[in-house]
Amino acid sequence: MDDFYDPAAVEAAAQHYWNEHGTFRAVEDDSREKYYCLCMFPYPSGKLHMGHVRNYTIGDVVSRYQRMQGRNVLQPMGWDAFGLPAENAAMANGVPPAQWTYDNIAYMKKQLKSLGFGIDWERELATCTPEYYRWNQWFFLRMLEKGIAYQKTGTVNWDPVDQTVLANEQVIDGRGWRTGALVEKREIPMYYLKITAYAEELLADLDKLPGWPERVKTMQANWIGKSHGVRFAFPYELDGKPEELWVFTTRVDTIMGVTFCAVAAEHPLAEYAARNNPQLAAFVAECKAGSVIEADMATIEKKGMPTDLFVTHPISGEPVEVWVGNYVLMGYGEGAVMAVPAHDERDFEFAKKYGLEIAQVVEVPGKEYSTDAWQEWYADKANGRCVNSGKYDGLDYEAAVDAIAADLASRNLGEKQVQWRLRDWGISRQRYWGCPIPIIHCDRCGEVPVPDDQLPVVLPEDCVPDGSGNPLNKWPDFLNCACPKCGAAARRETDTMDTFVDSSWYYSRYCSSDNGEAMVDERVKYWMPVDQYIGGIEHAILHLLYSRFWSKVMRDLGLVAFDEPFTKLLTQGMVLNEIFYRHPQGGRREYFNPAAVEIVTDDKGQRTGAVLKADGQPVVSAGIGTMSKSKNNGVDPQSLIEHYGADTARLFMMFAAPPEQTLEWSDAGTEGAFRFLKRLWKLVAAHVEKGSAVALEPVRLDEAQRKLRNQVHATIAKVSDDIGRRFTFNTAIAAVMELINALYKWDDESEQGRAVLQEALETVTLLLSPIVPHIAHANWQALGHRDAVIDQPWPQADPAALQVDTIEMVVQVNGKLRGKIAVAADADAATVEAAALDEPNAQRFRENLTVRKVIVVPQKLVNIVAS
Ligand SMILES: [Zn+2]
């Protein structure tokens, strides 16, 4: 063994061995316990970034550890390959999105392989291939048959210059990203999936997921948003006809505090009032042009305008003025809300702005109400009592809700209702690079589903979008077809599916990705659900919710048997790095990659500033932030791998922080990881150079040897707990590093001294093998093994070795030597006595005898007197 650590050679050899032996090919085996470890699949953006490296390293360490526990491990990989960036790249470079995507996949796959991940590449899939997306289409048709998929009108962002629909991320400050034109809202027919039909189960089943982070479950529960309240109406007359304005509220106990109502710009009442009111019409138009993104609603400046229309309060009979509010969304609830400024913060803000009445109707004992400023207790449900509310005065929240709901019901103006925040999932996208929706438009027959035997509807791969709408609309070969029902000339649907569809079931497809005849087959029963799912917190809501929903629909259609797809979930933290920039006068901020910047320090090594290496001139340090293109603070994994090797990258990632916390990039940290591996390599080389060690004989060890062996086994126990239970790989690595420091000082050249060192080095190799598998592969062979470390079981701590100072004591029966026991040096007499009575040989010699007395001679012997 060369004592020079050459990562390139070491890593190539290990990867060659795994390839040759098909080491990571996962085969179903009912006799073995399976372990399905999955990382969220990447978007093929071009090359891996550090976030990928961290994500997949964590997954690989978990997979390899589980393999060493004896489990049959599946770790697949694929590509979330449809989506907008490919279209943007196509426009920028004039290359079809397909070609760009497949080139990126090829490059990133090479990168993943160079990192030594134990992936079963035979199961690889890419969502942009017809072999995959045909099952999106097939399943969509099944959902259409069941009424889970349906068509209705939806609102989209419309760019009037490009005459195209924009994705939310293409709307910047209300304008189209390419044209700068003010974006309009448009109503167009789209396909929706009825996720709301599963709202109750999606919420309830969160309780079946003890292996998920609490905060993810909370985010999902909030998104589903179940609320108990009352739906009721304000009656009014319009052109002499009786009408009702319906609202929903969770605070009907405050109904006597209603001072106005607010409706969305699209509400019929707003449209009616705007007809003869140009000012209001302008405001309504302004609201309609605004964002359709719900998240924006919380932060926009609240604006409103009166309609001069009045409705009647359903209890008091008083007139209530109707306003149009930009914060009321037509798609949510009734498109109208009751406003109680005294007890709702948003209404309070609105009323103060427009000088509307604020009427207190709830009090909390000991608190004084003032309209000067909003206070938290104004919305307190738990401690409030009705006041200024007539017959409801003195009632608490529950009692008031019951009484008011009953009164509304008796007038046929309302009832208690459960409401959900969750909306149905609109999957139609007016984009090219996605899975075609399998529908054909026929003038005679309407919307006709594509028959199963005509699937897949193949997306042409040679289109180059130019930004002016979906190029499929200009692609006659795709567009023109025959109606499956009547045979007449018909037109194919050009909308494609939301890419969240692709990622909603890929984990099940990995189980049978080679099956061209079915979406999934019986192998899904063996592998699913995923035992450990790993990915970014940014997917905590939509991707995970859609996946849970899709799985439940697959279950209800008899395709799978599980309720929840992911048993355990780990959301890894972001990778951070320093940010540097210059801000020239009158120019834009220019960011510099930290690799191009040199830190300036004073005599004492204290940091005083930073300069650009290229010109020696200062740059501004903007602290630490997530690695991103816009801040130019990414580190290219490729250069790291080429410089230090994959094992150093993996070790740094796992050592720098626990997986769920953010990881701060550090050049010194990677240097340190590399130095550690070099040290480990040298240690093994120096040991094996002296020839093979004899077999370890624990009883022959001296005190120092026993002590070192104790540390070895204590390290096994700690690392097993850190990795297996706590997922704190960083502390596991720290424990191994400590052990290696001890081994470095070990200079016992005796036979048993070398045997102890051999065991220690083998242990270190096994414990580190999930994290740095290449160097472990080489070291294991160097230590004299013919089989590969990848096939070794996880080491077990020897309880005897864990006992710090054990002494051997003789066990006598009636004065005759009958056995030996090992006990802790400081064991008390009772423990020693019990151990002696347990000694099997001594037991045999007092069969049928009664123990009369046990004599303990400390540190020496135990004599059992029996007759
Ligand atoms: Zn037809």
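Residues numbered from 1 in each chain as written. Predicted model: local features only at pLDDT ≥ 70, side-chain atom pairs only at ≥ 80, totals over all residues. Heavy atoms only, no water.

## Structural notes on the sheet that holds strand β15 (residues 336–339)
Pairing in this open sheet of 4 strands is mixed, and the strands run β13-β14-β12-β15 from one edge to the other. At either margin of the open sheet sits one strand with a lone partner, and together these are β13 (304–312) and β15. Averaged over all pairs of adjacent strands, the angle between strand axes in this sheet comes to 30 degrees, irrespective of strand direction. Pairing between strand β12 (residues 260–263) and strand β14 (residues 319–325): 4 bridges, direction parallel. Opposite Phe-260, over in β14, you have Glu-321 as the bridge partner. The strands touched by helix α9 (residues 278–289) are β13 and β14; relative to β13, the strand with the most contacts, the crossing angle is about 110 degrees. (Pairing = 2+ DSSP bridges. Helix = DSSP H or I, 4+ residues; strand = E, 2+ residues; numbered from the N terminus. Axes fitted to C-alpha atoms, helices over the stretch in contact; angles between N-to-C directions. Contact = heavy atoms within 4.5 Å.)

## Focus on empty space enclosed by the protein
One pass over the full model with this rule turns up 3 cavities of 30 Å³ or more. Taken as a whole, the largest cavity spans an internal volume of roughly 120 Å³. Around the largest cavity, the lining is made up of 17 residues, and of these Glu-87, Met-91, Arg-431, Gly-467 and Gly-469 lie nearest the centre. Of all elements in the fold, only α3 (84–93) and β6 (164–166) reach the threshold of two or more residues within the lining of the largest cavity. (1 Å grid on protein atoms, 1.4 Å probe; cavity = no way out; pocket = protein on both sides within 12 Å on 5 of 7 lines; lining within 4 Å. Points joined across faces, edges and corners; volume = space filled by probe spheres on them.)

## Here's the deal with the coordination of the zinc ion
Taken together, Cys-442 (SG), Cys-445 (SG), Cys-483 (SG) and Cys-486 (SG) make up the protein donors of the zinc ion, found 2.2 to 2.3 Å from the metal. Geometry at the zinc ion is tetrahedral, judged from the 4 donor atoms that bind it and their angles of 105 to 114 degrees at the metal. All donor residues of the zinc ion come from one chain, and their arrangement in sequence is C-x2-C-x37-C-x2-C. (Donors = N, O, S within 2.8 Å, 3.2 Å for Na, K, Ca; no water. Tetrahedral: all angles 85-135°; square planar, octahedral: opposite > 155°, others 65-115°.)

## Some details on the pairing of strand β30 (residues 597–601)
Pairing of β30 with strand β31 (residues 607–612) involves 5 bridges; the strand directions are antiparallel. Residue Thr-601 lies in a different strand from β31, and its bridge partner there is Arg-607.

## Digging into the domain arrangement of the protein chain
In terms of domains, the protein chain is made up of domain 1 (142–194 + 425–499), domain 2 (226–420), domain 3 (575–654), domain 4 (655–802) and domain 5 (806–866). Summarising the inter-unit geometry, the C-alpha centres of domain 2 and domain 4 are found 67 Å apart. (Domains from an automatic or database assignment.)

## Some thoughts on the sheet that holds strand β10 (residues 226–238)
With antiparallel pairing, the 3 strands of this open sheet are ordered in space as β11-β10-β18. Edge positions in the sheet fall to β11 (241–249) and β18 (414–420), since each has one partner strand and no second. When the angles between neighbouring strand axes are averaged without regard to direction, this sheet yields 35 degrees. Both β10 and β11 contribute to a ladder of 9 bridges, which runs antiparallel. The residue of β11 that forms the bridge with Glu-237 is Pro-242.

## Examining the environment of Thr-670
Within the secondary structure, Thr-670 is located in helix α20 (residues 667–689). Given the relative accessible area of 2%, Thr-670 is considered buried. With 72 residues separating them along the chain, Thr-670 and Ala-742 place their C-alpha atoms 23 Å apart. Ignoring any residue separated from it by four or fewer positions in sequence, one finds Thr-670 in contact with Leu-640, Tyr-644, Thr-648, Phe-652 and Trp-665. (Buried < 20%, exposed > 50% of the residue type's maximum accessible area, 1.4 Å probe, protein only.)

## A word on a negative patch on the surface
There is a patch of like negative charges on the surface, built from Asp-2, Asp-3, Asp-6 and Glu-689. By secondary structure assignment, the location of Glu-689 is in helix α20. (Patch = residues over 30% accessible without salt bridge, like charges linked within 9 Å, V, L, I, M, F, W, Y side chains within 5 Å. Areas by Shrake-Rupley, 256 points an atom, 1.4 Å probe, with all protein chains shown as cover. Salt bridge = Lys/Arg side-chain N within 4 Å of Asp/Glu carboxyl O. Lys, Arg positive; Asp, Glu negative; His and termini not counted. Charge placed at Lys NZ, Arg CZ, Asp CG, Glu CD.)

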